[in-house]
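# Breakdown of the fold
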Amino acid sequence: MLHYNAHNPKQLVINWHLTEACNYSCRYCYAHWQRDESVKDLIRQDYQIHQLLSELRGFFDPINSRNPLAWKMAWSNTRLNIAGGEPLLFPSVVEDTVKFARRVGLRASLITNGSLLTERIARRIGSSLEVLGISIDSAQPFSNRLIGRINSQGEFLDLGQLQRAVEAIRERNPAIKIKLNTVVNRVNWQDDFSDLISLIQPDKWKVLRVLPVTDQSMTITDEEFQFFLNRHRKYGKIAVIEDNQDMVESYIMVDPQGRFFQNSPCSAGYEYSQPILGVGAEKAFSQVNFDVDKFSSRYPGNGGGVA
């Protein structure tokens, strides 16, 4: 995922989905990739994670003139955004990845559904994170059950545990930015998120319209999406809105097998590059589409988008 950060307008963010595994089964989850069965996920070998991060750091270095983006946009530093699936199913991998990212000159952030974020984990990785993103699509058990945000033991997100973990991470790292991510869909478009926002007190709330990649039944109309936005108008200072077309070819993403992938409108699902560790980041990046003009136009006046 590549875009600019509101707190640092010239920061480049790359989203690495280190696993497809998740303890939830959200019906509209897009984190399902065409897999090459001869290639193992990179998290199985520490050295492969280190090679990937070093390759990404070199290619997306702000002074690398061989990067085609360098001729169209500018950035002062690069951040690795660790996502999934649910990355905290592998807490030791996340901790090692965050530490190595910092070692090679990448800043680090994490996206999680919050269910496995404990105070202990928060304290272990909190000081090394610049941003913590928490994906919550409802605070209501019935809605979460319909969406699939429930684990195999029938357990929902424990908001009390999450609140304590967020407090612990803010205590360890007062400068961290907490981001709430919400996908508006057929189940939750009438929900009121006021209590949840008061509980988490995010610095930013990213509101995304469900992307009809895997389940068309969860899509909503323009009017329903607008209803949700109008209901939460009072959070305009922290809200960043993304509709379907905003998300096409305007992110840079890497899958668990170390391939760039893109949600291109001209393909059925995703398009993939060859593995980055096999051909290098430069060649792999040239094999997927990225619309710089579309990316830049999403947030006029800020030189780019918001991470």
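The protein chain has the name S-adenosylmethionine-dependent nucleotide dehydratase in an unreviewed UniProt entry, where Marinobacter salinus is given as its organism. Quoted verbatim from the Cofactor (unreviewed entry) field of UniProt, the annotation for the protein chain is "[4Fe-4S] cluster".

Here we come to the overall build of the protein chain. Secondary structure assignment for the protein chain yields 10 helices and 10 strands. Looking at the protein chain as a whole, 55% of its 307 residues are labelled buried. The contacts of the protein chain with a sequence gap of at least 6 include a subset with a gap of at least 24, amounting to 72%.

What follows covers unusual backbone geometry. Cis peptide bonds are those with omega within 30 degrees of zero, and the linkage from Gly 84 to Gly 85 qualifies with 15 degrees. Relative to the elements of secondary structure, Gly 85 occurs in the loop between β2 (77-83) and α2 (91-103).

Considering all chains together, one arrives at 16 salt bridges under this definition. Asp 222 is the salt-bridge partner of Arg 209, the closest N and O atoms lying 2.7 Å from each other. Of the two residues, Arg 209 is situated in strand β6 (residues 204-209) and Asp 222 in helix α7 (residues 222-231); the sequence distance between them amounts to 13 residues. Each member of the salt-bridge network shares a partner with another, and the members are Glu 20, Arg 35 and Asp 41.

Across the sheet, 10 strands lie side by side as β7-β6-β5-β4-β3-β2-β1-β8-β9-β10; this open sheet has mixed pairing. Each edge of the open sheet is held by one strand with a lone partner, namely β7 (239-242) and β10 (271-275). With four bridges joining them, β6 and β7 adopt parallel strand pairing. Its bridge partner being in β7, Lys 206 is matched across the sheet by Val 240. Relative to the sheet, α2 contacts β1 (11-17), β2 and β3 (107-112), its axis offset from that of β2 by approximately 175 degrees. Sheet strands touched by α7: β5 (177-184), β6 and β7. Its angle to β6, the strand with the most contacts, is close to 165 degrees.

Among the six residues that make up β6, six are buried, leaving the element largely enclosed by the rest of the structure. The side-chain alternation of β6 yields two buried faces, one formed by Lys 204, Lys 206 and Leu 208 and the other by Trp 205, Val 207 and Arg 209. Where β5 meets β6, six bridges bridge the pair, whose relative direction is parallel. Following the sheet pairing, Val 183 is matched in β6 by Leu 208.

On to the environment of Tyr 272, then. Inspection of the secondary structure puts Tyr 272 in strand β10. For Tyr 272 and Trp 33, which are 239 residues apart along the polypeptide, the C-alpha to C-alpha distance reads 9.4 Å. Those residues within four positions of Tyr 272 in sequence are excluded, and the remaining contacts are His 32, Trp 33, Gln 34, Asp 255, Arg 259, Phe 260, Phe 261, Gln 287 and Val 288. At 2.9 Å, the side chain of Tyr 272 and the backbone nitrogen of Gln 34 are in polar contact.

The end-to-end C-alpha distance of α2 is 18 Å, a good match for the 18 Å that 13 residues give at a rise of 1.5 Å each. All of the buried residues in α2 are Val 93, Val 94, Glu 95, Thr 97, Val 98, Phe 100 and Ala 101. Looking at the buried side of α2, the elements it contacts are β1, α1 (46-59), β2, β3 and α3 (119-125). A positive backbone phi angle near 100 degrees is found at Gly 105, which sits one or two residues after α2.

Conventions and cut-offs
Residues numbered from 1 in each chain as written. Predicted model: local features only at pLDDT ≥ 70, side-chain atom pairs only at ≥ 80, totals over all residues. Heavy atoms only, no water. UniProt positions renumbered as here; feature names shortened; annotations may be inferred. Helix = DSSP H or I, 4+ residues; strand = E, 2+ residues; numbered from the N terminus. Buried < 20%, exposed > 50% of the residue type's maximum accessible area, 1.4 Å probe, protein only. Contact = heavy atoms within 4.5 Å. Salt bridge = Lys/Arg side-chain N within 4 Å of Asp/Glu carboxyl O. Pairing = 2+ DSSP bridges. Axes fitted to C-alpha atoms, helices over the stretch in contact; angles between N-to-C directions. Polar contact = N/O pair within 3.5 Å; in protein donor to acceptor, adjacent residues only side chain to side chain. Expected span 1.5 Å × (residues − 1).

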